[in-house]
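Fold and contact review
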Amino acid sequence: MKILVSDDVAVEGVNLLRHNGYDVDIKVNLDEKALISCIGAYDGLITRSMTHVTEAVIEAAGKLKVIGRAGVGVDSIDIKTATQRGIIVVNAPTANTVAATEHTCAMIMAITRHIPQAHNSLMAGEWQRERFTGIQLKDKTIGIIGVGRIGSRIAKRMQAMEMRTIGYDPYIPAERGQQLGVELVDLDTLLASADYITLHTPLTKETRGMIGAAEIAKMKRGVRVINVSRGAVLDIQALAAALQSGQVAGAAIDVFPEEPLTQDINPFLHMDQVVLTPHLGASTVEAQIGVSVDVAKGVMAALQG
Ligand code: NAD
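Residues numbered from 1 in each chain as written. Predicted model: local features only at pLDDT ≥ 70, side-chain atom pairs only at ≥ 80, totals over all residues. Heavy atoms only, no water.

1. As for the overall build of the protein
The condition that has to hold: Helix and strand labels come from DSSP, where a helix needs a run of H or I of at least four residues and a strand needs a run of E of at least two; each type is numbered from the N terminus. Taken over C-alpha atoms, the radius of gyration is set against a globule rule of 2.2 Å times the number of residues to the power 0.38. Note on contacts: a residue pair qualifies if any of its non-hydrogen atoms lie within 4.5 Å across the two residues. With residues, only the protein chains shown are counted as cover, and all accessible areas are computed by Shrake-Rupley using a 1.4 Å probe.
A count of helical and extended segments in the protein gives twelve helices and twelve strands. In terms of C-alpha radius of gyration, the protein reaches 21 Å, essentially the compact-globule figure of 19 Å for 305 residues. In the protein, the proportion of contacts linking residues at least 24 apart, taken out of those at least 6 apart, comes to 60%. Approximately 14600 Å² of the protein is accessible, and the part contributed by carbon and sulfur atoms is 53%.

Written out as structure tokens, the structure reads:
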């Protein structure tokens, strides 16, 4: 059986497939047209976040039986059309949890102590100490929106920094909040009381645009906002305006409504209180091997029925 790998995935998963007798082609950076023209030859497709498996791609995929997403978010796949066509969609939801959690922690620390800005200043030959005065995390409140795999781990790590952790997640039971030491509150309460707000929901119909101008206006003045979930959950134009007005004091963003984020669509250019990374949440050696192997196993299980 033939499998197409259309994004960069770690070689371990590819080797596992080949070892089990699958014929694997690796073709990255295909645009929709190129994908449509070759997808008909494959029984399985493995993607990361760059490939968009649209309705047109699925319609052209005559013998496709499974789409594997090496990672958690399946918002890049038209699941409805895939399901109608009887194509199984599998993901690798757990292997990059720790990586995304640790990246979020790094982003929180970076905007709190201005580390990238201070580094750049020093590399430019300056020695500026007053300009980079930070704040302390201890005794601040962090509001976690989406207390799932990643959100709950953020809570644990930020509790170690002696932060108060509150959360908004209408889909987890109150006991889970108690177990985690996270006070579950409604969204408006979280927005109004957190010093840091970090987003960890999946991208769904409900969460698309969930944090926009109206929600930012309800936040504490001087709040810091972190998004390592999915770009479209947060309105980055509204965030940029709030950074300019001082309503938001700092932001750390890893994911964007449109990726890659090019200079012409980047609303944060020249904003010194912002730290951006190019969707690096899952980019650790361990996570990439983990998602590659997990998705390969999922794809083989689906093909073996
Ligand atoms: P998860 O499914 O374990 O947790 C998501 C949580 O969000 C769940 O507890 C769910 O109940 C909650 N939720 C759903 N809808 C909600 C809503 N409307 N309001 C509040 N909470 C809601 O997922 P996870 O593994 O923790 O991943 C979280 C997010 O991180 C996903 O969007 C995923 O795609 C993203 N992610 C990003 C990277 C990256 O590279 N930046 C890496 C891994 C995961």
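Let us keep going from here.
2. Overview of the layout of surface pockets
Rules: For cavity detection a 1 Å grid was placed over the protein atoms alone, and a set of points counts as a cavity when a 1.4 Å probe fits there but cannot get out; an open set counts as a pocket when protein lies on both sides within 12 Å along at least five of seven lines, with lining residues being those that have an atom within 4 Å of a point. Grid points are joined across faces, edges and corners, and a volume is the space filled by probe spheres set on the points. When residue character is reported, Ala, Val, Leu, Ile, Met, Phe, Trp, Tyr, Cys and Pro are called nonpolar, Asp, Glu, Lys and Arg charged, and the others, Gly included, polar.
Space inside the second largest pocket adds up to approximately 240 Å³. Surrounding the second largest pocket, P116, Q117, N120, N266, F268, L269, H270, M271, D272, V274, V275 and L276 form its lining. Those elements giving two or more residues to the lining of the second largest pocket turn out to be α6 (115-123) and β12 (274-276). When the residues that make up the lining of the second largest pocket are grouped by side-chain class, the tally is seven nonpolar, four polar and one charged.

3. Side note on the pairing of strand β3 (residues 44-47)
Keep this limit in mind: Each residue's exposure class comes from its accessible area (1.4 Å probe, protein chains only) as a fraction of the maximum for that residue type: buried when under 20%, exposed when over 50%, partly exposed otherwise. Pairing between strands is defined by DSSP: at least two bridges between the two strands are required.
Both faces of β3 are covered, namely the face carrying G44 and I46 and the face carrying L45 and T47. Note: strand β1 (residues 2-5) against β3, three bridges, orientation parallel. The residue of β3 that forms the bridge with V5 is I46. Pairing between β3 and strand β4 (residues 66-69): four bridges, direction parallel. Bridge pairing links L45 to I67 in β4.

4. Describing the site of the ligand
Stated precisely, the cut-off is as follows: Nearness is judged by heavy atoms alone; a residue qualifies as near a molecule or strand once a single heavy atom is within 4 Å of it. Here a polar contact is recorded for every N or O atom pair within 3.5 Å, except that within protein the pair must consist of a potential hydrogen donor and a potential acceptor, and residues adjacent in sequence are included only if both atoms are side-chain atoms.
Of all residues adjacent to the ligand, which total 28 residues, the nearest are R149, I150, D169, T201 and E206. With respect to the ligand, the side chain of D169 contributes an N or O atom lying 2.6 Å from an oxygen atom. Within the contact set of the ligand, a nitrogen atom lies 3.1 Å away from a backbone nitrogen or oxygen of V228. Here the ligand, which alone exposes 860 Å², has 89% of that area covered by the protein.

5. A word on the environment of I265
Relative to the elements of secondary structure, I265 occurs in the loop between β11 (248-253) and β12. Taking the C-alpha atoms as reference points, I265 and I150, 115 residues apart in sequence, are found 28 Å from one another. Once residues lying within four places of it in the same chain are set aside, the contact partners of I265 are E258 and P260.

6. A word on the nonpolar core
Put simply, the test is: Here, nonpolar core means buried Ala, Val, Leu, Ile, Met, Phe, Trp, Tyr and Cys residues that are tied together by side-chain atoms lying within 4.5 Å of each other.
Within the largest apolar cluster, 32 residues are counted, with the highest numbers of intra-cluster contacts made by I197, I211 and L239. Among the elements of the structure, α9 (187-193), β9 (196-199), β10 (223-227), α11 (236-245) and β11 are those that each provide at least two residues to this core. Broken down by element, this core gets its largest block of residues, six residues, from α11. If sequence neighbours within four positions are ignored, I197 has contacts with G143, I145, L190, L191, M219, V223, R224, V225 and I226.

7. Remarks on a positive patch on the surface
For clarity, the cut-off: Each patch is built from residues lacking any salt bridge and having more than 30% relative accessible area; the joining distance is 9 Å for like charges and 5 Å for nonpolar side chains (Val, Leu, Ile, Met, Phe, Trp, Tyr). Here, a salt bridge means any Lys or Arg side-chain nitrogen found within 4 Å of an Asp or Glu carboxyl oxygen. When charges are counted, neither His nor the chain ends are considered; positive counts come from Lys and Arg and negative counts from Asp and Glu. Here the site of a charge means NZ on Lys, CZ on Arg, CG on Asp, or CD on Glu.
Where like charges cluster on the molecular surface, the positive patch consists of R149, R153, K156 and R176. A per-element tally of the positive patch places helix α7 (residues 149-160) first, with three residues. Looking at where R176 falls in the secondary structure, it is placed in helix α8 (residues 174-180).

8. Let's talk about the sheet that holds β1
For sheets, the rule is that strands pair by backbone hydrogen bonds, running either parallel or antiparallel. Cut-off, in case you're wondering: Axis definition: a line fitted to C-alpha atoms, limited for helices to the stretch in contact. Angles are taken between N-to-C directions and run from 0 to 180 degrees.
Strands sit in the order β2-β1-β3-β4-β5 across an open sheet of five strands; the sheet is parallel. Each edge of the sheet is formed by a strand with only one pairing partner; in this case those strands are β2 (23-26) and β5 (88-91). On average, each strand axis in the sheet is tilted by 20° relative to the strand beside it, whichever way the strands run. Packed onto the sheet, helix α1 (residues 11-19) meets β1, β2 and β3 and runs at close to 150° relative to β2.

9. Points about the sheet that holds strand β7 (residues 164-168)
Ordered by their spatial adjacency, seven strands build an open sheet running β8-β7-β6-β9-β10-β11-β12, and the pairing between neighbours is parallel. Of all strands in the sheet, those bounded by a partner on one side alone are β8 (183-184) and β12. The pairing of β9 with β10 spans four bridges and is classified as parallel. What sits directly across from L199, in β10, is N227. Across the sheet, α11 touches β10, β11 and β12, and the angle it forms with β11 is around 140°.

None of the figures reported here should be taken as evidence of function without further support.
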